[in-house]
Number of protein chains: 2
Amino acid sequence: MSHITLKDIAREAGVSTTTVSRALNNKNDISISTKQRILKLAKKMGYTPNAIARGLKIKQTQTVGVAIADISDPFFAPIVKGIEKAAHQEGYHIILCDTDEDYKKEEEALRTLIEKRVDGLLVTPAQTDYKDITELKRRKIPFVLLGRHFNFELFETDYVATDDIEGAFSATTYLIKKGHKRILFINGPDYVSSAKERLAGYKRALLEAGIGIDQSLIRKGGIKMEDGYKIMKEELKKSLNFTAVFAYSDFVALGVIKALKEAHLKIPRDIAVVGYDDIEVAAFLEVPLTTVRIPKYELGVEGFKLLKRKIANEISSPQKVILPTELIIRKSA
Amino acid sequence: MSHITLKDIAREAGVSTTTVSRALNNKNDISISTKQRILKLAKKMGYTPNAIARGLKIKQTQTVGVAIADISDPFFAPIVKGIEKAAHQEGYHIILCDTDEDYKKEEEALRTLIEKRVDGLLVTPAQTDYKDITELKRRKIPFVLLGRHFNFELFETDYVATDDIEGAFSATTYLIKKGHKRILFINGPDYVSSAKERLAGYKRALLEAGIGIDQSLIRKGGIKMEDGYKIMKEELKKSLNFTAVFAYSDFVALGVIKALKEAHLKIPRDIAVVGYDDIEVAAFLEVPLTTVRIPKYELGVEGFKLLKRKIANEISSPQKVILPTELIIRKSA
DNA sequence: CTGTTAGCGCCTTCAA
DNA sequence: TTGAAGGCGCTAACAG
C-alpha cells in the first residue's frame, strides 16, 4: 500500500526528481534517451503518479463534484451517467454526493466538496434555500445547475435544463386536442423551478384554448409516487369533475395510476394520464404512459461541458443551455 | 476561487500555523481561549480546509473509489446509493467510475482511482479478465468486490454478494412446484460468477425434483433486454417445448416478455416467466414480474462497511459477506 | 500551551 | 539538458 515516488525512481536512475518529473510529464527539455530510460524504469517499478500531490501543487484536481438529489432515481441516474461519461472523456473524475432533496444535506455536500478542492460543481438544487449556491458564486467556484434554476432576473447562474413551460404546454395542449377540458394538474413543490414552469405551461395551454383556469384542479406538492397516490385518492373521494390528469413526474403518475386502478377506473377510457420525465418504466407499464421526455443523459453531458468551459474561464456572463423536451405519446392519453 | 489557508489565519491571529491547525482540529494541547479565538476568526474569514493538502500529509483521503458497470442501470444505481449513504455516514466521499461492463475501462478506472489515492475500492468486476484485481491485491490496496466474485479457492478476495445458487434454486423450485417440467433458462455470460451460480441453482433444483437436465433448454449470454428478446425470438421459432422461462435478470425477462407478447402468448397462462434482481419496474409491468430480489441498497452498504474494516486493517483473511435473496411472487409465474 | 522544523510528492522557477 | 531550491497547505514531532 506504500507507493513508489518520483524520488524512488530518481534514486534508482541516478538523476534528480526534476528530471523524472519531466520524463513522466513528457516535457521536451529533456533528452530522449533519458526520457525513455526513465519511462521504462518507472513502468518496471510500478509507478503510479500521486494525483493528490500533483493537485496540491498545480491547484487543480481534475475532479468535479456532483451533488444530486437521488442517485437511484431513474430520472437522476442517467444524468449522472451523462456527467460521468463526459467527464471521463475529458480526463475528469466525479465525486458523487446524494442530497436526498434536502437543503441541509446539499449545503454540507457543497462544503465538503469544496474541501476536496473539486475544480467545479454540478448541482440539482433543492431550492428550499439557496444560500449555498450564492456562496459558490461569491467565492467564484465554477458551478452549473442541472434541471433546475433560479429566476434568472434575480439570481443569475449558469444552468442547463429543459424548457418546462414548453413541455407542459405541449402535454396539456395534447390533452385538450383529445377533447379534455377539465384537466387535473398534480404539480410538484412550488419552490422548484420546474414545477413553476410546468404550471405556467399548463395554464398557458388552457388559456390559448380558451379554457378557464380552475384553481381547484391545480394541486401541488407531489414528487414521489406516494404523493401522487395520496392526492389522487383525495380527488377520487370528491365527485369526478375532471377527465384527465397531468402529473408533475412519471413517479407521481405511477401513484395516480395505482389510485385509479384501485377505483376501477380505466386508463385512458375513464381518465387519461400524462406524466413527465419519461423514465424507463414509463414504456413498460400496463398502460404505457404518455409523457414528456427529458433528455436526461444529454442533460448530464451538456452540464459537464458547460462546467468545463466555466472552469477553463471561457465564459464571462452566466449561460443557460436549454434542451428540448419531446412529447411521447403512448397509450395512457 | 483562491482559498484562505492556515497561514492566512495564523498571520491574522498572530500565532503559528501549527496553533491554528490545532485549533481547527480540536486538539487539546491548546488553550481554550486561543482555540475559540481562532475558530471564530477562521469562520469569519471563511476558511475551508484543504483536504488535498491534508490528504497528502496524512496519507489518506477519506475517499473510496467505486467502479461500477452501469450507474444508470436500476440494478446498480441503488447499490451506488447504498455505498454513498454508508460512506457519507463515516465521513467518506465516493469517486464514481462507470465501466460499461468492459474490462479495459475497468482497468483504467482502477488505475486512475489509485492515482487519486482513494483509501479503498469497491468494484463490480467485468470478469472477462482479472489482472487488475490481482494487481490490487498485490499492491495491498484495500478493495471489496460487489455482487460478483472469483472462485474463492483459486483467488481469494473480500466480497459481498448474494447466494445466487440459492436464489436460482428457489426460483426454479417454485416453477417446478407450479407444475413446470420444461423450464427454459436464459442465463448471462458464463464468465460472470452470478451466471455460474444461477446455472448451478437451476440445475440443482431440477435434479432434486428428479427432472433431467436438457442442455437445449439452457441458453447463455443474455444480459440486456435485447439479448432476452433475441434469444426468445429464436426459441419461439422452434416448436414450443417449454412452459416456463427463467431469466438471468429482470432486464432479460423484459425482452422475453416483449417477444412473448409479439407472439401473442399470454403470461403466465401460456408461458410463465421469472426474472432476477427485482428492479423497480418489475412490480409495475403489465403482468407484474415474479422475480428473485437482491437487496441492492444493502449490498452497497455492506460493501462499504466491509471495505471500511479493510481500510482500518481490522481484517486479516479475505472475508465474504453473503446477503439473502428473496423470491418475490407476483403474477408472471 | 505554543512555536520551530521538517516533510508528504509533486512541479516550477532559476541557474548551471 | 540537468539539478537545486522552494513551495503548494497541512500536520507531526520536538523543543521550549
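This report concerns the structure included in the present document. The shown structure was predicted, so the numbers you read here are calculated from the model rather than taken from an experiment.

1. Examining the protein's contact with DNA strand C
Part 1 of the argument: In the vicinity of DNA strand C there are 27 residues, among which A:Leu6, A:Tyr47, B:Thr19, B:Arg22 and B:Asp29 approach most closely.
Part 2 of the argument: Each atom of DNA strand C within 4 Å of the protein was assigned to sugar, phosphate or base; sugar and phosphate come to 62%.
Part 3 of the argument: Residue A:Asn50 places a main-chain N or O atom 3.3 Å away from a phosphate oxygen belonging to DNA strand C.
Part 4 of the argument: A:Ala53 places a polar main-chain atom, nitrogen or oxygen, 3.4 Å from a base nitrogen of DNA strand C.
Part 5 of the argument: Looking at the surface near DNA strand C, the elements with two or more residues in it are helix H1 (6-13), helix H2 (17-24) and helix H4 (51-58) of chain A together with helix H2 (17-24) and helix H4 (51-58) of chain B.
Part 6 of the argument: Take the surface near DNA strand C: its biggest share by element is 4 residues, from H4(A).

2. Here's the deal with the interface of chain B and chain A
Part 1 of the argument: The partner chain A presents 54 residues to the 54 residues of chain B that form the contact.
Part 2 of the argument: The contact between chain B and chain A buries some 4800 Å² in all, and 61% of this surface belongs to carbon and sulfur atoms.
Part 3 of the argument: If you look at where chain B meets chain A, you find 10 salt bridges.
Part 4 of the argument: Two residues, A:Asp98 and B:Lys85, come together in a salt bridge whose shortest N-O distance is 3.1 Å.
Part 5 of the argument: At the junction of chain B with chain A, the criterion picks out 33 residue pairs in polar contact (both at pLDDT 80 or more).
Part 6 of the argument: Elements that contribute at least two residues to the side of chain B that touches chain A include exactly H4, helix H5 (76-89), strand E2 (93-98), helix H6 (103-115) and helix H11 (250-262) of chain B.
Part 7 of the argument: Among the elements that take part in the side of chain B that touches chain A, H5(B) stands out by supplying 7 residues, more than any other.
Part 8 of the argument: When the residues that make up the side of chain B that touches chain A are grouped by side-chain class, the tally is 26 nonpolar, 12 polar and 16 charged.
Part 9 of the argument: When strand E2 (residues 93-98) of chain A meets E2(B), the two strands line up antiparallel, connected through 3 bridges. Within the sheet, the bridge partner assigned to A:Leu96 lies in E2(B) and is B:Ile94.

3. What about the relation of the copies chain B and chain A?
Part 1 of the argument: Between chain B and chain A, which share one sequence, the superposing operator has a rotation angle of 180° and an axial displacement of 0.0 Å; the RMSD is 0.1 Å. The transformation relating the two chain copies, once decomposed into turn and shift, fits a two-fold axis. Using C-alpha coordinates, one finds that chain B approaches the rotation axis most closely at B:Glu286, a distance of 1.8 Å.
Part 2 of the argument: When the interface residues of chain B are mapped onto chain A, 100% of them are again interface residues, pointing to one common binding face.

4. Details of helix H12 (residues 296-311) of chain A
Part 1 of the argument: Across its 16 residues, H12(A) extends 23 Å between first and last C-alpha, which sits within 8% of the 22 Å expected from 1.5 Å per residue.
Part 2 of the argument: Just past H12(A), the residue A:Asn313 takes up positive phi, approximately 65°.

5. Brief notes about the pattern of salt bridges
Part 1 of the argument: Considering all chains together, one arrives at 63 salt bridges over all chains under this definition.
Part 2 of the argument: Across the pair A:Glu262 and A:Lys233 runs a salt bridge, and its minimum N-O distance is 2.6 Å. Of this pair, A:Glu262 sits in helix H11 (residues 250-262) while A:Lys233 sits in helix H10 (residues 225-237); the two residues are 29 residues apart in sequence, bridging distant segments of the chain.
Part 3 of the argument: Between B:Arg148 and B:Glu101 there is a salt bridge, and its shortest N-O distance comes to 2.5 Å. With B:Arg148 in the loop between strand E4 (143-146) and strand E5 (159-162) and B:Glu101 in the loop between E2 and H6, this pair connects stretches of sequence that are 47 residues apart.
Part 4 of the argument: Three or more residues are tied together by salt bridges with common partners; here these are A:Asp70, A:Asp73, A:Asp98, A:Asp100, A:Lys105, A:Lys224, B:Lys81, B:Glu84 and B:Lys85.

6. Here we look at unusual backbone geometry
Leaving glycine out, the prevailing phi sign among residues is negative, and the prevailing peptide bond configuration is trans.
All names here are of chain A.
Part 1 of the argument: Cis geometry is found at the peptide bond from Ile-267 to Pro-268, where omega equals 0°.
Part 2 of the argument: Assignment of secondary structure puts Pro-268 in the loop between H11 and strand E9 (272-277).
Part 3 of the argument: The phi torsion at Gln-127 lies on the positive side, around 70°, for a residue other than glycine.
Part 4 of the argument: Mapped onto the elements of the fold, Gln-127 is located in the loop between strand E3 (120-123) and helix H7 (131-138).
Part 5 of the argument: The phi torsion at Asp-278 lies on the positive side, around 60°, for a residue other than glycine.
Part 6 of the argument: If you trace the backbone, Asp-278 turns up in the loop between E9 and strand E10 (290-293).

7. Observations concerning the packing of H10(A) against H11(A)
All names here are of chain A.
Part 1 of the argument: The contact between H10 and H11 brings their axes to 6 Å, and the two run at 40°. Comparing the axis directions of H10 and H11 gives the class oblique. Relative to H11, H10 is oriented so that their crossing is right-handed. In this structure, H10 contributes Met-225, Gly-228, Tyr-229, Met-232, Lys-233 and Leu-236 to the contact, and H11 contributes Phe-251, Val-252, Leu-254, Gly-255, Val-256, Lys-258, Ala-259, Leu-260 and Glu-262.

8. Side note on the protein's contact with DNA strand D
Part 1 of the argument: Looking at DNA strand D, there are 26 residues lining it, with A:Thr19, A:Arg22, B:Leu6, B:Tyr47 and B:Arg54 nearest.
Part 2 of the argument: Atoms of DNA strand D within 4 Å of the protein: sugar and phosphate make up 61%, bases the balance.
Part 3 of the argument: Here A:Ser31 contributes a backbone N or O atom positioned 3.0 Å from a phosphate oxygen of DNA strand D.
Part 4 of the argument: Take B:Ser21: an N or O atom from its side chain is 2.9 Å from a phosphate oxygen of DNA strand D.
Part 5 of the argument: Mapped onto the surface near DNA strand D, the elements with two or more residues apiece are H2 and H4 of chain A together with helix H1 (6-13), H2 and H4 of chain B.
Part 6 of the argument: Ranked by residues supplied to the surface near DNA strand D, first place goes to H4(B) with 4 residues.

9. Some remarks on the pairing of E3(A)
All names here are of chain A.
Part 1 of the argument: Here E3 shows two buried faces, one formed by Gly-120 and Leu-122 and the other by Leu-121 and Val-123.
Part 2 of the argument: Of the pairings in the sheet, the one linking E3 to strand E4 (residues 143-146) comprises 3 bridges and is parallel in character. What sits directly across from Val-123, in E4, is Leu-145.
Part 3 of the argument: For the handedness criterion, the β-α-β arrangement of E3, H7 and E4 is classed as right-handed.

10. Describing the nonpolar core
Part 1 of the argument: Residues A:Phe246, B:Met232 and B:Phe246 are the most contacted members of the largest nonpolar core, which totals 146 residues.
Part 2 of the argument: Dropping the residues within four chain positions of it, B:Met232 is found in contact with B:Leu184, B:Ile186, B:Phe242, B:Val245, B:Val256, B:Ala259 and B:Leu260.
Part 3 of the argument: A:Val118, A:Ile133, A:Phe143 and B:Ile114 belong to the second-largest nonpolar core, a separate cluster that totals 40 residues.

Procedures and definitions
- Every chain is numbered independently, its residues counted from 1 as its sequence is written.
- In the order they appear in the text, chains get letters beginning with A and ligands get numbers beginning with 1.
- Reporting of local features is limited, given that this is a predicted model, to residues whose pLDDT is at least 70; pairs of side-chain atoms are given and counted only at 80 or more, and all residues count toward the totals for whole chains, interfaces and linings.
- Computation of side-chain values covers all heavy atoms of the structure but excludes hydrogens and water.
- Any residue with a heavy atom lying within 4 Å of a molecule or strand is counted as near it.
- Any pair of nitrogen or oxygen atoms within 3.5 Å is treated as a polar contact; in protein, a donor-acceptor pairing is required on top of that, and neighbouring residues in sequence qualify only through side-chain atoms on both sides.
- Runs of E in the DSSP output that reach at least two residues are strands. Runs of H or I that reach at least four are helices, and both are numbered from the N terminus.
- Here, two residues are considered to be in contact whenever any of their heavy atoms come within 4.5 Å of each other.
- Simply put, the buried area is the total loss of 1.4 Å probe accessible area from both parts when two parts are fitted together.
- Every case where a carboxyl oxygen of Asp or Glu lies within 4 Å of a side-chain nitrogen of Lys or Arg is listed as a salt bridge.
- All amino acids are sorted into three groups, where Ala, Val, Leu, Ile, Met, Phe, Trp, Tyr, Cys and Pro are nonpolar, Asp, Glu, Lys and Arg are charged, and the leftover types, Gly among them, are polar.
- DSSP calls a pair of strands paired once it identifies at least 2 bridges connecting them.
- In superposing the copies, a least-squares fit is computed on C-alpha atoms, taking residues whose pLDDT is at least 70 in both.
- For a helix, the expected span equals 1.5 Å multiplied by the residue count minus one.
- Axes here mean lines fitted to C-alpha atoms, for a helix over just the part in contact, with angles spanning 0 to 180 degrees between N-to-C directions.
- For classification purposes, an angle smaller than 35 degrees is called roughly parallel, one larger than 145 roughly antiparallel, one from 65 to 115 roughly perpendicular, and anything else oblique.
- Crossing chirality is assigned from the near helix's rotation relative to the far helix, an anticlockwise turn below a right angle marking it left-handed and a clockwise turn marking it right-handed.
- Buried, partly exposed and exposed residues are distinguished by accessible area as a fraction of the type maximum, computed with a 1.4 Å probe on protein chains only: under 20%, between the cut-offs, and over 50%, respectively.
- Seen with its strands pointing away from the viewer, a crossover is right-handed if its path from the first strand over the helix to the second goes clockwise.
- Residues belong to a common nonpolar core when they are buried Ala, Val, Leu, Ile, Met, Phe, Trp, Tyr or Cys residues joined through side-chain atoms within 4.5 Å.

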